[in-house]
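Residue-level structural notes
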Amino acid sequence: MSSRRAEITFRQKQLLEELKKCDDELTGQELHRQLHQGEKIMGLATVYRNLQVLVKQGLVRSRHLPTGEVLYTPVERDIHHLTCVDCGETTRLNGCPVKTLSIPKKSSPKFELLFHTLEFFGLCQNCLEKQES
Ligand SMILES: [Zn+2]
Ligand SMILES: [Zn+2]
């Protein structure tokens, strides 16, 4: 853990708790909606701003979907997905194929790794069957 990392604010803590409660990834919109159900009122812009801080602090990971949406999840959840380029369905992969992979120290001696993303794109079984028939 780096000493550069600042304490997180009450709002950032709320966001992090909400993400931990949910066992799937959430978009900023979904997170915003969920907070409102629990009567924790926070504006959408505030949600996005604080999510950005959490990502920078290495507490939350983000991944961008081909649709332009961004999904957030607590950083300790190392999940990867198979995404169908045709229907957009995503399937969770069991385990992380690059968990033991490390960045060559020579090429980036001063880089502090916070998280990684890895996406697989292809055709799901349904779409494959549709093509065949
Ligand atoms: Zn598909
Ligand atoms: Zn991984």
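Residues numbered from 1 in each chain as written. Chains lettered and ligands numbered in written order. Predicted model: local features only at pLDDT ≥ 70, side-chain atom pairs only at ≥ 80, totals over all residues. Heavy atoms only, no water.

Points about the sheet that holds strand β4 (residues 81-84)
- Taken in spatial order, the three strands line up as β5-β4-β6 in an open sheet, and their pairing is mixed. Lying at the two open borders of the sheet, with one neighbouring strand each, are β5 (90-92) and β6 (119-122). For this sheet, the mean angle separating the axes of adjacent strands, direction not counted, is 25°.
- Note that β4 and β6 share four bridges and pair parallel. Bridge pairing links Cys84 to Gly122 in β6. (Pairing = 2+ DSSP bridges. Helix = DSSP H or I, 4+ residues; strand = E, 2+ residues; numbered from the N terminus. Axes fitted to C-alpha atoms, helices over the stretch in contact; angles between N-to-C directions.)

Considering the coordination of the zinc ion (ligand 2)
- At this site the zinc ion (ligand 2) is bound by Asp78 (OD), His80 (NE2), Cys96 (SG) and His116 (NE2), with donor distances of 1.9 to 2.1 Å.
- Angles of 98 to 122° at the metal separate the four donor atoms of the zinc ion (ligand 2), which places the site in the tetrahedral class. (Donors = N, O, S within 2.8 Å, 3.2 Å for Na, K, Ca; no water. Tetrahedral: all angles 85-135°; square planar, octahedral: opposite > 155°, others 65-115°.)

Considering the side chain of His81
- Along the polypeptide, His81 turns up in strand β4.
- Take His81: its relative accessible area is 4%, and that puts it in the buried class.
- In terms of polar contacts, His81 uses its side chain to reach the side chain of Arg63, at 3.3 Å.
- When neighbours within four sequence positions are excluded, His81 is seen to be in contact with Glu25, Arg63, Thr90, Thr91, Arg92, Leu93, Leu118, Glu119 and Phe120. (Buried < 20%, exposed > 50% of the residue type's maximum accessible area, 1.4 Å probe, protein only. Polar contact = N/O pair within 3.5 Å; in protein donor to acceptor, adjacent residues only side chain to side chain. Contact = heavy atoms within 4.5 Å.)

Quick look at the coordination of the zinc ion (ligand 1)
- Around the zinc ion (ligand 1), the protein contributes the donor atoms Cys84 (SG), Cys87 (SG), Cys124 (SG) and Cys127 (SG), which lie 2.3 Å from the metal centre.
- Geometry at the zinc ion (ligand 1) is tetrahedral, judged from the four donor atoms that bind it and their angles of 106 to 112° at the metal.
- Every donor residue of the zinc ion (ligand 1) comes from the same chain, spaced as C-x2-C-x36-C-x2-C. Pair noted here: Cys84 is in strand β4 and Cys127 is in helix α4 (residues 125-132), with a separation of 43 residues, a long-range link.

What to know about the domain arrangement of the chain
- Per the domain assignment, the segments of the chain are domain 1 (1-75) and domain 2 (78-133).
- Put simply, the middle of domain 1 and the middle of domain 2, counted by C-alpha atoms, are 21 Å apart.
- Contact with domain 1, which involves 15 residues of that partner, is made by ten residues of domain 2.
- Carbon and sulfur atoms supply 48% of the area buried between domain 1 and domain 2, which totals about 1100 Å² over both sides.
- One can count three salt bridges joining domain 1 with domain 2.
- Salt-bridge contacts for Glu119 lead to Arg63; the nearest nitrogen and oxygen are separated by 2.9 Å.
- The interface formed by domain 1 and domain 2 contains five residue pairs in polar contact (both at pLDDT 80 or more).
- For the side of domain 1 that touches domain 2, the secondary-structure elements that each account for two or more residues are α3 (44-56) and β2 (60-64).
- If you tally residues by element for the side of domain 1 that touches domain 2, the top one is β2, at four residues. (Domains from an automatic or database assignment. Buried area = accessible area lost by both parts, 1.4 Å probe. Salt bridge = Lys/Arg side-chain N within 4 Å of Asp/Glu carboxyl O.)

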